Amino acid sequence: MLEESLIDLTIATYSIITLIIFIIMYRRGGILFSWLLVMITMTVASIFFYFRHFDSIYRIIGNLFYFLAAIILGYSVVQEYYEMFIKTEKNRINPAGVAKNSIFLITFSFTLINVIQSTVCLFLIIVGVMLIRINLEKKSITHSFMLLAVITALLTLIFSILSNENIDGAWEMAYIIKVVFHSSLLATGLSAPIENRLNQSEKKLFEAYNRTEFYKDLFAHDISNILQNVQSSMDLFSIYLEKPDQSEELYNLISIVKNQVNRGATLVSNIRKLSEIEEIEILIEPTSVNDILKNAIEYLKKTYEDREVQIQIDSIDKKYFMKANELLLNVFENILVNSVKYNNNPKIDILIKASKVQINSIDYIKLEFIDNGIGIPDNIKEKVFQRAFIKNKTESGMGLGLSLVKKIIEKYNGQIWVEDRIKGDYSKGSNFIIIIPEAK
Amino acid sequence: MYKKMLKISGFNIVNTATNGEEAVELYKSFLVKPDIILMDHRMPIKNGVEAAKEILQIDKSSKIIFASADQNVKETAMALGAIDFKEKPFTMKKLINNIQKAL
């Protein structure tokens, strides 16, 4: 039979090696911190277990560390179980609470030192059952190794209890299982980051696929609509051509076709911008609100030379700078164009207000674009920013403009929403509100 | 534009709706139901397929012709009981032919 101290030394060395590998993997990301803690306590326990051959006090300390490892191991599983099956959005777990609970759990187990072995066993059984449920749901390799680790931890405990009772072969079994326990912990550590990375790339791929499908659908739909409008205009055109005195109708039809061409061009450029924003991390720099707004207003006046548009600017300080970039121009242009486009009044009034606000100790610049347009009913106030949402039958696809705006603002860590100009009566016009972090 | 074109071709347009919900409400309000309903699919609040479903529940014999750029809903619309599905873009001549056939 092998010398017991030699086996203990082997296990201690083995656990130190696995710990080193574990730490390397942890630094690469993907491993839970609690699993690293388990690994550390396990290693410390193994080292103390070796030293028990010099002084029996180390045996007790070693055992304590083993229990601690089992508790942390169990706790990390309980936490994951809670997140998966019990937690709702409202009672989100907070790190301070977790820390408090861990301290409670540890002190609790230390005071119950006499019944600790059986308590830990029971705890591990519950944890094992929880892991089986998590496994059924997730079907991940990492969780299978975790389950193996929990089972072997449980068996290690049972066999060390048995070996204390001097049952034949129990301590040999305890050693073998301990090695398996260490190995399965290591396997968990090795597979977690790999699986994590795999999941992430799968998620990215799925998102990219969805995006492509969305653009394809949007493009096909809107282009078909544009072609339909051109086709119908041409059909009508040929009918009117044969009738006398229809020059006004003919003129109208030409302007419809012109409009549809513009719509197609806007669609193409919007889709291009949207996909660029989604793919590339954009550069954010201090951007003057005043300068960009001036350009946007100039663009608006040129686009709608035939309409009477009055824009009033209230309290925009020249020193207002946002953490944004040149895409801010698209944001302002889109909102302003909408104010004119969805407006049936002979005189279009737009009021632009600026102010500074502080939310969660972050300084924002708040801009309000208040118009006297047709307004937006409450039930579609959020939908107007969704990509696939189409405002109305004849002008389908216009939802893309505002979804582009929202995407850009989100890139700036800002927010956009819409309210009524006159609270409670949407038909009197809208108020588009933007907040973007201030650049100082 | 359809309105003008259909008028020129001699049809009487009873009313138009800008979304699916409005279409259903309008249909309910008609004492004499229209001969043909021309329906788009992608509309706010309620889409064309949903609106057609409700209209057909009210009156199984209503004749609904879809005119839509969403080819992928063609099967659903036809299975529901629409009598035709025109994929955009189409010529007015074809639309009018289809309407006349349906009548």
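Right above here is the structure, for reference.
First things first, this report covers the structure right here in the doc. Owing to the predicted nature of the structure, the values given are computational and were not obtained by experimental measurement. Here the residue numbering is sequential within each chain, running from 1 through the sequence in written order. Key to labels: chains lettered from A, ligands numbered from 1, both in the order written. pLDDT decides what is reported in this predicted model: residues at 70 or higher carry local features, side-chain atom pairs at 80 or more are listed and counted, and totals for whole chains, interfaces and linings draw on all residues regardless. Each side-chain value is derived from all of the structure's non-hydrogen atoms; neither hydrogens nor water enter the calculation.

Things to note about the overall build of chain A
Point 1. To qualify as a helix, a DSSP run of H or I must reach at least 4 residues; to qualify as a strand, a run of E must reach at least 2; elements of each kind are numbered from the N terminus. On a plain count of helices and strands, chain A comes out with 11 helices and 7 strands.
Point 2. Relative accessibility under 20% of the residue-type maximum defines a buried residue, over 50% an exposed one, and the middle range a partly exposed one, all with a 1.4 Å probe and only protein chains included. Per-residue burial for chain A yields a buried fraction of 44% across its 440 residues.
Point 3. Only heavy atoms enter the contact rule, under which two residues are in contact if any of them lie within 4.5 Å. In chain A, the proportion of contacts linking residues at least 24 apart, taken out of those at least 6 apart, comes to 73%.

Some thoughts on the sheet that holds strand 1 (residues 37-39) of chain B
The strands making up a sheet associate through backbone hydrogen bonding, with each pair oriented either parallel or antiparallel.
Residue and element names in this part refer to chain B.
Point 1. Taken together, the 3 strands give an open sheet; going across it, the order is 1-2-3, and neighbouring strands pair in parallel fashion. A strand with exactly one partner marks an edge of an open sheet, and here the two such strands are strand 1 and strand 3 (84-87). Taken pair by pair, the neighbouring strands of this sheet meet at an average axis angle of 20°, ignoring direction.
Point 2. The rule for pairing is simple: two strands pair if DSSP sees at least two bridges between them. Two strands pair when backbone bridges link them, and strand 2 (residues 64-68) and strand 3 are joined in this way by 4 bridges, in the parallel orientation. Each bridged residue has a counterpart across the sheet, and for I65 the counterpart in strand 3 is D84.
Point 3. Along the sheet face, helix 3 (residues 48-58) touches strand 1 and strand 2 and points at about 175° away from the line of strand 2. Note on method: axes are straight lines fitted to C-alpha atoms, helices fitted across the in-contact stretch only, with angles between N-to-C directions ranging 0 to 180 degrees.

Some thoughts on the interface of chain A and chain B
Point 1. Tallying the contact residues gives 26 residues for chain A and 20 residues for chain B.
Point 2. Salt bridges are counted wherever a side-chain nitrogen of Lys or Arg sits within 4 Å of a carboxyl oxygen of Asp or Glu. At the boundary of chain A with chain B, the tally comes to 1 salt bridge.
Point 3. As a salt-bridge pair, E249 of chain A and K4 of chain B come within 3.2 Å of each other at their nearest N and O atoms.
Point 4. Taken together, the elements giving at least two residues each to the side of chain A that touches chain B come down to helix 7 (170-241) and helix 8 (247-279) of chain A.

Some thoughts on the packing of helix 9 (residues 289-303) of chain A against helix 10 (residues 328-341) of chain A
All names here are of chain A.
Point 1. Direction vectors running N to C along helix 9 and helix 10 enclose 40°, while the axes themselves pass 9 Å from each other. Here helix 9 lies oblique to helix 10, going by the angle between them. Relative to helix 10, helix 9 is oriented so that their crossing is right-handed. Only L328, L329, F332, E333, L336, V337 and V340 of helix 10 make contact with helix 9, whose side of the interface consists of V289, I292, L293, N295, A296, I297, Y299 and L300.
Point 2. Split by residue class, the contact of helix 9 with helix 10 holds 13 nonpolar, 1 polar and 1 charged. The labels follow the angle: roughly parallel below 35 degrees, roughly antiparallel above 145, roughly perpendicular from 65 to 115, and oblique for the rest. Handedness of a crossing follows from how the near helix is turned relative to the far one, being left-handed for an anticlockwise turn of less than a right angle and right-handed for a clockwise one. Charged residues are taken to be Asp, Glu, Lys and Arg, nonpolar residues to be Ala, Val, Leu, Ile, Met, Phe, Trp, Tyr, Cys and Pro, and polar residues to be all remaining types, Gly included.

Some thoughts on the nonpolar core
Residues and elements named next belong to chain A.
Point 1. By nonpolar core we mean a set of buried residues, namely Ala, Val, Leu, Ile, Met, Phe, Trp, Tyr and Cys, connected to one another through side-chain atoms within 4.5 Å. Counting 51 residues, the largest nonpolar core has F332, F369 and I434 as its most contacted members.
Point 2. Looking at this core, the element that brings in the most residues is helix 10, giving 7 residues.
Point 3. Apart from residues lying up to four places away in sequence, F332 is in contact with V289, I292, L293, A296, L367, F369 and I434.
Point 4. In terms of nonpolar packing, the next biggest core, distinct from the first, is built from 35 residues, L19, F22, V38 and F67 among them.

Focus on the sheet that holds strand 7 (residues 425-437) of chain A
Residues and elements named next belong to chain A.
Point 1. In space, the 5 strands of this open sheet follow the order 2-4-5-7-6, with mixed pairing throughout. Strand pairing shows two members of the sheet lacking a second neighbour, strand 2 (308-314) and strand 6 (415-422), which therefore form its edges. Each strand axis lies, on average, 25° off the axis of its neighbour in the sheet, ignoring direction.
Point 2. The pairing of strand 2 with strand 4 (residues 347-359) spans 7 bridges and is parallel. Bridge pairing in strand 4 places Q312 opposite L351.
Point 3. Helix 9 contacts strand 2, strand 4 and strand 5 (362-371) of the sheet and is inclined by roughly 170° relative to strand 2.

Some words on the pattern of salt bridges
Residue and element names in this part refer to chain B.
Point 1. In this structure the tally under the stated criterion is 14 salt bridges over all chains.
Point 2. The salt bridge partner of E25 is K28, with a shortest N-O separation of 3.8 Å. In this pair, E25 and K28 are both assigned in helix 2 (residues 20-29), 3 residues apart and thus about one turn of the helix distant.
Point 3. Exposure remark for E25: the relative accessible area of 46% places this residue in the partly exposed category.
Point 4. Taking the relative accessible area as the measure of exposure, K28 reaches 48% and is therefore partly exposed.
Point 5. Two residues, K88 and D40, come together in a salt bridge whose shortest N-O distance is 3.6 Å.

Comments concerning the pairing of strand 5 of chain A
All names here are of chain A.
Point 1. Counting buried positions over the 10 residues of strand 5 gives 7, a clear majority of the element.
Point 2. Bridging between strand 4 and strand 5 involves 10 bridges; their strand directions are antiparallel. Note on strand 5: the bridge partner recorded for K353 is E368.
Point 3. Where strand 4 hands over to strand 5, the hairpin turn is made up of 2 residues, of which N360 adopts a positive phi near 50°.
Point 4. In this sheet, strand 7 lies alongside strand 5 in antiparallel orientation, the contact comprising 7 bridges.

Some details on unusual backbone geometry
Point 1. The peptide bond linking K88 of chain B to P89 of chain B adopts the cis configuration, its omega dihedral lying at 0°.
Point 2. Considering the arrangement of structural elements, one finds P89 of chain B in the loop between strand 3 and helix 5 (92-102).
Point 3. Not every positive phi belongs to a glycine, and S361 of chain A is a case in point at roughly 55°.
Point 4. Looking at the secondary structure, you find S361 of chain A in the loop between strand 4 and strand 5.
Point 5. One non-glycine residue, N413 of chain A, lies in the positive phi region at around 60°.

Observations concerning the packing of helix 1 (residues 4-27) of chain A against helix 7 of chain A
All names here are of chain A.
Point 1. Where helix 1 meets helix 7, the closest approach of the two axes is 9 Å, and the angle between their N-to-C directions is 10°. Here helix 1 lies roughly parallel to helix 7, going by the angle between them. Residues E4, I7, D8, I11, Y14, S15, T18, I21, F22 and M25 of helix 1 form the contact with helix 7, whose participating residues are W171, Y175, K178, V179, H182, S183, L185, L186, G189, L190 and P193.
Point 2. Class assignment for the residues of the contact of helix 1 with helix 7 results in 13 nonpolar, 5 polar and 3 charged.

Side note on the environment of R307 of chain A
Residues and elements named next belong to chain A.
Point 1. Residue placement: R307 occurs in the loop between helix 9 and strand 2.
Point 2. A residue is classified by how much of its surface remains accessible, and R307, at 28% relative accessible area, is partly exposed.
Point 3. Between the C-alpha atom of R307 and that of K347, which follows or precedes it by 40 residues, the distance is 7.5 Å.
Point 4. Those residues in contact with R307, other than ones at most four positions away along the chain, are V340, N343, N345 and I348.
Point 5. At 3.3 Å, the side chain of R307 forms a polar contact with the backbone oxygen of V340. What qualifies as a polar contact is a pair of N or O atoms within 3.5 Å, subject to a donor-acceptor requirement within protein and to the restriction that residues adjacent in sequence count only when both atoms come from side chains.

A short note on the packing of aromatic side chains
Point 1. Centre distance within 6.5 Å is the pairing criterion for rings of Phe, Tyr and Trp, where only the six-membered ring of Trp is used; planes under 30 degrees apart are then read as stacked, over 60 as edge-to-face, and the remainder as tilted. The full count for this structure, using the stated rule, is 11 aromatic pairs over all chains.
Point 2. Where F48 of chain A meets Y58 of chain A, the ring centres are 5.8 Å apart and the plane angle is 25°; that geometry is what we call stacked. Here F48 of chain A, found in helix 2 (residues 33-51), pairs with Y58 of chain A, found in helix 3 (residues 57-86); they are 10 residues apart in sequence, far enough to count as distant.
Point 3. Take Y58 of chain A: its relative accessible area is 30%, and that puts it in the partly exposed class.
Point 4. Both rings, one in F66 of chain B and one in F85 of chain B, keep their centres 5.7 Å apart while their planes meet at 15°; by these two values the pair is stacked. One end of the pair, F66 of chain B, is in strand 2; the other, F85 of chain B, is in strand 3, with 19 residues separating them in the sequence.
Point 5. By way of ring pairs, the aromatic residues F48, Y50, F51, F54, Y58 and F65 of chain A are connected into one cluster.
Point 6. Our definition puts a charge over a ring when NZ of Lys or CZ of Arg is within 6 Å of the ring centre and also within 35 degrees of the ring normal. Its guanidinium or amino end placed over the ring of F49 of chain A, K178 of chain A lies 4.2 Å from that ring's centre, counting from NZ or CZ.
Point 7. Sitting over the face of the ring of Y27 of chain B, K33 of chain B holds its NZ or CZ atom 4.7 Å from the ring centroid.

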